[in-house]
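One letter stands for each residue in the lines below.
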Amino acid sequence: MLTGINESTTKRHLDWIPGLANFVKDNIPLTENIAGTSEDVAQLVLFLVSDASRFITGTEVWIDGGGSLI
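On a predicted model such as this, the values are computed, not experimentally measured, just so you know.

Would you explain the overall build of the protein chain in this entry?
Across its full length, the protein chain holds three helices and zero strands. Out of the 70 residues in the protein chain, the part that is buried amounts to 7%. Contacts spanning at least 24 positions in sequence make up 56% of the contacts within the protein chain whose residues lie at least 6 apart. Split by element, the accessible area of the protein chain, about 6,300 Å² in all, is 59% carbon and sulfur.

What's the story with a nonpolar patch on the surface in this structure? I'm lost.
Nonpolar side chains collect at one region of the surface, where Met1, Val41, Val45, Leu46, Phe47, Leu48, Val49, Ile56, Val61 and Ile63 lie side by side and expose about 810 Å² of accessible area between them. Structurally, Val41 is set in helix 3 (residues 38-48).

Please clarify how the side chain of Ser53 should be interpreted in this entry.
Tracing the backbone shows Ser53 in the segment after helix 3. Sequence-distant contacts of Ser53, that is, excluding residues within four places in its chain, are made with Phe47 and Leu48.

Would you explain unusual backbone geometry in this entry?
Note: most residues except glycine have negative phi, and most peptide bonds are trans. Positive phi is not limited to glycine here, since Glu32 has a value of about 55 degrees. Along the chain, Glu32 turns up in the loop between helix 2 (20-23) and helix 3. Residue Asn33 is not a glycine yet carries a positive backbone phi of 70 degrees. Among the secondary structure elements, Asn33 is positioned in the loop between helix 2 and helix 3.

In this structure, what is going on with the environment of Phe47? I would like to understand it.
Mapping Phe47 onto the fold places it in helix 3. Relative accessible area serves as the criterion here: at 34%, Phe47 is assigned to the partly exposed category.

Explanation requested: the environment of Ile63 in the structure shown.
Tracing the chain through its elements places Ile63 in the segment after helix 3. With 23 residues separating them along the chain, Ile63 and Asp40 place their C-alpha atoms 8.1 Å apart. The residues contacting Ile63, other than those within four sequence positions of it, are Met1, Asp40, Val41 and Leu44.

Rules behind the numbers
Residues numbered from 1 in each chain as written. Predicted model: local features only at pLDDT ≥ 70, side-chain atom pairs only at ≥ 80, totals over all residues. Heavy atoms only, no water. Helix = DSSP H or I, 4+ residues; strand = E, 2+ residues; numbered from the N terminus. Buried < 20%, exposed > 50% of the residue type's maximum accessible area, 1.4 Å probe, protein only. Contact = heavy atoms within 4.5 Å. Areas by Shrake-Rupley, 256 points an atom, 1.4 Å probe, with all protein chains shown as cover. Patch = residues over 30% accessible without salt bridge, like charges linked within 9 Å, V, L, I, M, F, W, Y side chains within 5 Å. Salt bridge = Lys/Arg side-chain N within 4 Å of Asp/Glu carboxyl O.

Fair warning: the whole summary comes from geometry, so function is off the table for now.
Structure representation (structure tokens):
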């Protein structure tokens, strides 16, 4: 998701763990590495509060463009 995290954090000591620098790169396969927006989250919320989601109970919904599959 597009957030201000890069402006408020600093990546440090990535060289301490071999291969970590490549692992922490963004991988969003469904959108060719374009991050989601607050509008994307809002669309999910609208779906979940609508009658269209009436049979959904107790499950996680991943909204990450497929990044969790990597």
